[in-house]
There are 2 protein chains.
Amino acid sequence: MSSSIPGYEELLDRLKQVLRRNGLKHTVQRELILRVIYDCDEHFSPEELHQKVQHRFPDTRVGIATIYRTLSLLESEKMVTSVSFGVNGKKYEFGMKHHHDHMICDHCGLMIEFVDNTIETRQSAIAQEHRFEITGHIMQIHGVCHDCQQKD
Amino acid sequence: MSSSIPGYEELLDRLKQVLRRNGLKHTVQRELILRVIYDCDEHFSPEELHQKVQHRFPDTRVGIATIYRTLSLLESEKMVTSVSFGVNGKKYEFGMKHHHDHMICDHCGLMIEFVDNTIETRQSAIAQEHRFEITGHIMQIHGVCHDCQQKD
DNA sequence: GTCAGTGCAAAAGTTTTGCATACAG
DNA sequence: CTGTATGCAAAACTTTTGCACTGAC
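Residues numbered from 1 in each chain as written. Chains lettered and ligands numbered in written order. Predicted model: local features only at pLDDT ≥ 70, side-chain atom pairs only at ≥ 80, totals over all residues. Heavy atoms only, no water.

1. Structural notes on the protein's contact with DNA strand D
What counts here: Consider each residue's heavy atoms; a residue with any of them within 4 Å of a molecule or strand counts as near. Counted as a polar contact is a pair of N or O atoms within 3.5 Å, where, for protein atoms, one must be capable of donating a hydrogen and the other of accepting one, and residues adjacent in sequence contribute only when both atoms are in side chains. Helix and strand definitions here come from DSSP, where helices need a minimum of 4 consecutive H or I residues and strands a minimum of 2 consecutive E residues; each element is numbered from the N-terminal end. Polar here means any residue other than Ala, Val, Leu, Ile, Met, Phe, Trp, Tyr, Cys and Pro, which are nonpolar, and Asp, Glu, Lys and Arg, which are charged; Gly is therefore polar.
Taken together, 17 residues sit near DNA strand D, with A:Tyr68, B:Lys25, B:Arg61, B:Val62 and B:Thr66 positioned nearest. For DNA strand D, the backbone makes up 69% of the atoms found within 4 Å of the protein, where backbone means sugar plus phosphate. In the model, a base nitrogen of DNA strand D is placed 2.6 Å from a nitrogen or oxygen of the B:Lys25 side chain. Going through the elements one at a time, helix 4 (64–76) of chain A together with helix 2 (28–39) and helix 4 (64–76) of chain B are the ones with two or more residues in the surface near DNA strand D. For the surface near DNA strand D, a count of residues per class yields six nonpolar, five polar and six charged.

Set out below in structure tokens:
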């Protein structure tokens, strides 16, 4: 098993590689942002990420514009993924964990991650039927979690 | 089969019912907006909806604020659903068609709608395992459509 | 030294709010 | 009449851009 979640060093190498390949430069800001994203378990908005970075590395100024620019870069390289949670707007997550889907409680925001092989398999089959070359998918089950059901 | 897509009249009744139930008022604007949404096959942003409404009913002024307010109302009543398409931002769709999922081409934006019973069933099972009361789900397969594959 | 990257601030875009007026019930 | 709904404009947010300066290579 274990489709191996990369360690930070591995990830950093990958970033360097991407940068070199595109004639871009390795900067402190890009590295710090990657570091924070890597350590971030929850989903985050660009604004939240900005605050985390500033809080953790107060000695380096990182502008919100750089956050947006870096997120775009990382997203195009599939190192982060963006997910939309209805009313809460667009959020990002570290994109190289083991693949998983989300179950979201619309009352309290609780998020359960899960993987289901039957679903994954069907998806490939459907894509194939339509001669569609699949690059990824988003699957969210929305509802009310057990705790919130009690409270009603 | 046919889980019966409601006709416009039915839908309008439902709206009136919702309004009455919440002590809200039946207004021309709300009706026109519903009308346009009902006839709209594609997904739309609030701004696009606004333009469609103005274009189709030039005699009634409908402000963008009313569009947003009405979309919120309809969304909370599950009469429209919002879907997020990554880079394209938040879009809405008429929420009472027969349920379907989306397959989206990231090159040309082509959207194929589909339903798969195996997936639907597994979803319910997963929700049950977590004592989760399911209210809906979002499932999008992203990739490259057949046409776009040719073009590369 | 060169050229991409950065912070900052301004601009552009999106969504929400306040308020006086209109109008449904 | 009463109180919700509306349009408009202002405000609040979110995201992108322009520019002069910095710093990686």
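2. Examining the pairing of strand 3 (residues 101–105) of chain B
Residue and element names in this part refer to chain B. Filter applied, for reference: Exposure categories follow from relative accessible area, calculated using a 1.4 Å probe and restricted to protein chains: below 20% of the type maximum is buried, above 50% is exposed, and the middle band is partly exposed. At least two bridges found by DSSP between two strands are what make those strands a pair.
Counting buried positions over the five residues of strand 3 gives five, a clear majority of the element. Taken together, the four bridges between strand 3 and strand 4 (residues 111–114) define a ladder with antiparallel strand orientation. Its bridge partner lying in strand 4, Ile-104 is registered against Met-111. Here strand 3 runs beside strand 5 (residues 133–144); their pairing, made up of four bridges, is parallel. Bridge pairing in strand 5 links Met-103 to Ile-141.

3. Topic: helix 3 (residues 46–56) of chain A
As a reminder, the rule being used: The arc under discussion is defined with respect to the helix axis, by the directions toward the C-beta atoms.
Buried residues of helix 3 of chain A: A:Pro46, A:Leu49, A:His50 and A:Val53, and no others. Buried residues in helix 3 of chain A, looked at end-on, bunch into an arc of 105°, giving them a common side.

4. Re the domain arrangement of chain A
Heads up, the condition is: Here the bounds of each domain stem from an automatic or database domain assignment.
Entries for chain A in the domain assignment read domain 1 (1–97) and domain 2 (99–152). For domain 1 of chain A versus domain 2 of chain A, the separation of C-alpha centres amounts to 23 Å.

5. What about the nonpolar core?
Short version of the rule: Residue types Ala, Val, Leu, Ile, Met, Phe, Trp, Tyr and Cys, when buried and joined through side-chain atoms within 4.5 Å, form a set referred to as a nonpolar core. It only takes one pair of heavy atoms within 4.5 Å for two residues to be counted as in contact.
Counting residues in hydrophobic clusters, the biggest one holds 26 residues, and the most contacted among them are A:Met103, A:Phe132, B:Met103 and B:Phe132. Elements with a contribution of two residues or more to this core: strand 3 (101–105), strand 4 (111–114), helix 5 (117–129) and strand 5 (133–144) of chain A together with strand 3, strand 4, helix 5 (117–129) and strand 5 of chain B. With sequence-adjacent residues up to four places away left out, A:Phe132 is seen in contact with A:Ala127, B:Met103, B:Ile104, B:Cys105, B:Ile112, B:Ile141, B:His142, B:Gly143, B:Val144, B:Cys145 and B:Gln149. If you look at the next biggest cluster of nonpolar residues, it comprises 23 residues, including B:Val53, B:Leu71, B:Leu73 and B:Tyr92.

6. With respect to the protein's contact with DNA strand C
In the neighbourhood of DNA strand C, 17 residues make up the surrounding shell, with A:Thr27, A:Arg61, A:Val62, A:Thr66 and B:Tyr68 lying closest. Of all atoms in DNA strand C that approach within 4 Å of the protein, 73% are sugar or phosphate atoms. Within the contact set of DNA strand C, a phosphate oxygen lies 2.3 Å away from a side-chain nitrogen or oxygen of B:Tyr68. At the level of elements, helix 2 (28–39) and helix 4 of chain A together with helix 4 of chain B are the ones that each hand at least two residues to the surface near DNA strand C. Residues that form the surface near DNA strand C fall into these classes: six nonpolar, five polar and six charged.

7. Quick word on the side chain of B:Asp101
As a reminder of what qualifies: Think of it this way: Lys and Arg go in the positive column, Asp and Glu in the negative one, and His and the chain ends go nowhere. One side-chain nitrogen of Lys or Arg within 4 Å of one carboxyl oxygen of Asp or Glu is enough to make a salt bridge.
Turning to its location among the elements, B:Asp101 is positioned in strand 3. A:Arg122 provides the closest opposite charge to the buried, salt-bridge-free B:Asp101, at an N-O distance of 10 Å. Side-chain polar atoms of B:Asp101 contact the side chain of B:His137, separated by 3.0 Å. Not counting chain neighbours up to four residues away, the residues in contact with B:Asp101 comprise B:Ile112, B:Glu113, B:Phe114, B:Glu120, B:His137 and B:Met139.

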